Number of protein chains: 2
Amino acid sequence: MSPSTKTRATMHDVAREANVSIASVSRFINGQTVREDIEPRITKAISALNFKPNSAGRALRASRTQQICLSVPDISNPVYQTITKGVQNILNKTDYRLMLAPRNLSVEENLALIDSLDSNYADGFIFLSLVDDPRIRKAFSKLRIPAVVIGNVQVHDEVDTIKVSAGAVELALTYLVDKYGGEVLFLNGPTSTIPGRNREKGFLEAMKNRGIDGTKHMVEAESFDVEAGLVALSKVKNISKYRSIICANDLLAAAALRSLSTLKIDVPNQIAVIGIDNTDLANVLSPSLTSIDYKSEYRGELAAQFILDRLDNPKTLYRKVNIAPELVERESA
Amino acid sequence: MSPSTKTRATMHDVAREANVSIASVSRFINGQTVREDIEPRITKAISALNFKPNSAGRALRASRTQQICLSVPDISNPVYQTITKGVQNILNKTDYRLMLAPRNLSVEENLALIDSLDSNYADGFIFLSLVDDPRIRKAFSKLRIPAVVIGNVQVHDEVDTIKVSAGAVELALTYLVDKYGGEVLFLNGPTSTIPGRNREKGFLEAMKNRGIDGTKHMVEAESFDVEAGLVALSKVKNISKYRSIICANDLLAAAALRSLSTLKIDVPNQIAVIGIDNTDLANVLSPSLTSIDYKSEYRGELAAQFILDRLDNPKTLYRKVNIAPELVERESA
DNA sequence: CTTCCTGCTGTAAACGTTTACAGTAAGTTA
DNA sequence: TAACTTACTGTAAACGTTTACAGCAGGAAG
């Protein structure tokens, strides 16, 4: 009685059992109306034989897989988990399944991923990339299935996109300067990534508007995680001269809180800290983390909805959404 | 030049272009040796036509989808994210793809999930469930594809399983009592779940061995998350009489740290806290969290490896692995 | 030289669906 | 009643692969 010995009922079996053509079975399954006397025979046969339509047969014939592929650069990062959750929220209400693509941190991983989609294992693609590259752009433009882009990676225009507006750092800076005054340190992630670059730009501009050269008030972590944040902060000399720290994401903010706690510097009374992403982490840290919200779960939901809408109706206009940053105040600032 | 107008090259096209039979193309693609003069013609045709084999055709004919389905009760919980990461670590080295199943918190969701696998969209199933039920057990036993179970849900024996040994709470208790003495509170998750039940049992037994009735030193949160933990703890009267708190997972421990911080109770000097799961969270909290490690990422890797091994060779003996708890000491205890 | 391998080839038949098409019965209209 | 419409039916042909099978060339063995 091992799994492999059991054999599945097919539509043919159902048709024979119900004494009906296979086409009628197919039509019934796909929600078309069938003759009154036929319907009960089919339902009976289906449950008697425990029939379930075979995905591969269906996919081959209809060239629809009922699968959506989601690319997640790094599943360890809470912000991607939140986005994934948003995508699931929507997909779970439909009969689409969610494929989690392999890690796509590097350009090569991105290219391999986009390339693989040519194998037709997904009907739609939700693309998230930390890196930008002409090769990615080119490969992406050759994609044969509709895609939604979450984030600010640059691709061709015939695609629904959900970007985040640039103002996060500016927002944080204004808030911190207004509230506390003093000097502000920006703990950034790698500027080789899109958010790293954009946030750096945001910081420098915001500082420039205040007549300050921001370059002397920045430190760059090697990646967007806690360890890299700790390393980066340990290189900052005389950290206590700062009145506040803006961190490029919540994990770096967690690193900041940790560093400051080790140094016995009180947050927010001596130094205030603001993160970006407003992930679940923010509520868990102590002090709880003031963070800029980019509505990650909502972005995931939006992306899923966009891809479903487009699959439903390929001709709808491409939608370009910008999510505005919103400061969520907690204890750390 | 919209995606839908482009048409894909098939194996027939490649065969024609290479002036070779379709069977030879298929064989070449699947790694069989072909005649010397044929191989370059095929490779050339493939790249000229940019041919990629169609997953559906392949799946239908070979009845292999190259997909593994992973069920994750609740993707918000860091421990499942870590397990997912482990699974990915292994799958990404192969040409199997990862399907993330919809949430399966309730019995009904589990039944629907298991049932859906009959549609043959996955070659293997990695099953994780928080709940236990005869119906689940029965449905699971009818599964037509090999499965690996992570966790202590009870199913039939013809399955590879990766359980966690029961000793976590006992381990934490011994450590806390030895180190700090005094009374210990157990902050549990819902006892309607398998881990909740098991951890309660572990606590009560461990207490009994010390001649204490544990039932008076337990509090049950409604779910395994921070909010529920806060609510549960707020109901504990005179919390400061305890010398330490064992929490059934890291999220509940985060809640405990938060509560205690609000109450200005110092951790670990007044009350020590231990979590279970040793997720990324442990290093991020302050004070950093002492936690019982059940090697989540490794469990994910093991599960993926088990399923791959079994797909490779269905006759291997079913493996039953027990992961022993290990206390990872940090600041909170 | 024949016989037997060995190692490759191409032909053709699946795999389980969906769907274009033609057919038919019943209802509607004139 | 005949002619048309409506609403369903069944037949059969795809969809793009893999693979059983038979065929064939060339080398080894006798």
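This write-up is about the structure you can find in this document. (Residues numbered from 1 in each chain as written. Chains lettered and ligands numbered in written order. Predicted model: local features only at pLDDT ≥ 70, side-chain atom pairs only at ≥ 80, totals over all residues. Heavy atoms only, no water.)

## A short note on the packing of helix α10 (residues 226-234) of chain B against helix α11 (residues 250-262) of chain B
Residue and element names in this part refer to chain B.
And step 1. Packing of α10 against α11 leaves a shortest axis separation of 8 Å and a crossing angle of 50 degrees. Accordingly, the angle class assigned to the pair α10 and α11 is oblique. In terms of crossing hand, the pair formed by α10 and α11 is right-handed. Where α10 approaches α11, its residues Val226, Gly229, Leu230 and Leu233 are matched on the opposing element by Leu251, Leu252, Ala254, Ala255, Ala256, Arg258 and Ser259.
And step 2. Taken together, the residues of the contact of α10 with α11 sort by class into 8 nonpolar, 2 polar and 1 charged. (Axes fitted to C-alpha atoms, helices over the stretch in contact; angles between N-to-C directions. Helix = DSSP H or I, 4+ residues; strand = E, 2+ residues; numbered from the N terminus. Parallel < 35°, antiparallel > 145°, perpendicular 65-115°, else oblique. Left-handed = near helix turned anticlockwise from the far one by under 90°. Contact = heavy atoms within 4.5 Å. Nonpolar A, V, L, I, M, F, W, Y, C, P; charged D, E, K, R; others polar.)

## Digging into the sheet that holds strand β7 (residues 218-220) of chain B
All names here are of chain B.
And step 1. The mixed open sheet is built from 6 strands, whose spatial order is β7-β6-β8-β9-β10-β12. Strands at the two margins of the open sheet, each flanked by one partner only, are β7 and β12 (326-328). If you compare each strand with its neighbour and ignore which way they point, the axes differ by 20 degrees on average.
And step 2. Relative to strand β8 (residues 242-247), strand β6 (residues 183-188) is paired through 5 bridges, and the arrangement is parallel. Across the sheet, the residue bridging to leucine 187 is cysteine 247, located in β8.
And step 3. Contacting β6, β7 and β9 (272-276), helix α9 (residues 194-209) runs over the sheet at an angle of about 165 degrees to β6.
And step 4. Sheet contacts for α11: β6, β8, β9 and β10 (290-293); angle to β9, the most-contacted strand, approximately 160 degrees. (Pairing = 2+ DSSP bridges.)

## Digging into the sheet that holds strand β5 (residues 160-164) of chain A
Adjacent strands of a sheet form backbone hydrogen bonds with each other and so pair up, either parallel or antiparallel.
And step 1. Strand order across the open sheet formed by 12 strands is β11(A)-β5(A)-β4(A)-β3(A)-β1(A)-β2(A)-β2(B)-β1(B)-β3(B)-β4(B)-β5(B)-β11(B), with mixed pairing between neighbours. For this open sheet the edge positions go to β11 (320-323) of chain A together with β11 (320-323) of chain B, each flanked by a neighbour on one side alone. Between one strand axis and the next, the sheet turns by 20 degrees as a mean value, whatever way the strands run.
And step 2. Here 4 bridges tie strand β3 (residues 124-128) of chain A to strand β4 (residues 147-150) of chain A, and the two strands are oriented parallel to one another. The residue of β4 of chain A that forms the bridge with leucine 128 of chain A is isoleucine 150 of chain A.
And step 3. Against the sheet, helix α5 (residues 78-91) of chain B touches β2 (97-100) of chain A together with β1 (67-70), β2 (97-100), β3 (124-128) and β4 (147-150) of chain B, its axis set at about 155 degrees to β2 of chain B.

## Considerations on the packing of aromatic side chains
Aromatic ring pairs are described here by two measures, namely the spacing of the ring centres and the angle between the planes.
Residues and elements named next belong to chain A.
And step 1. All told, the structure shown has 8 aromatic pairs over all chains when counted by the stated rule.
And step 2. Between phenylalanine 127 and phenylalanine 140, the ring centres sit 5.1 Å apart and the planes meet at 25 degrees, which makes this aromatic pair stacked. Of this pair, phenylalanine 127 sits in strand β3 while phenylalanine 140 sits in helix α7 (residues 134-141), and the two are 13 residues apart along the sequence. (Phe/Tyr/Trp six-rings, centres within 6.5 Å; stacked < 30°, edge-to-face > 60°.)

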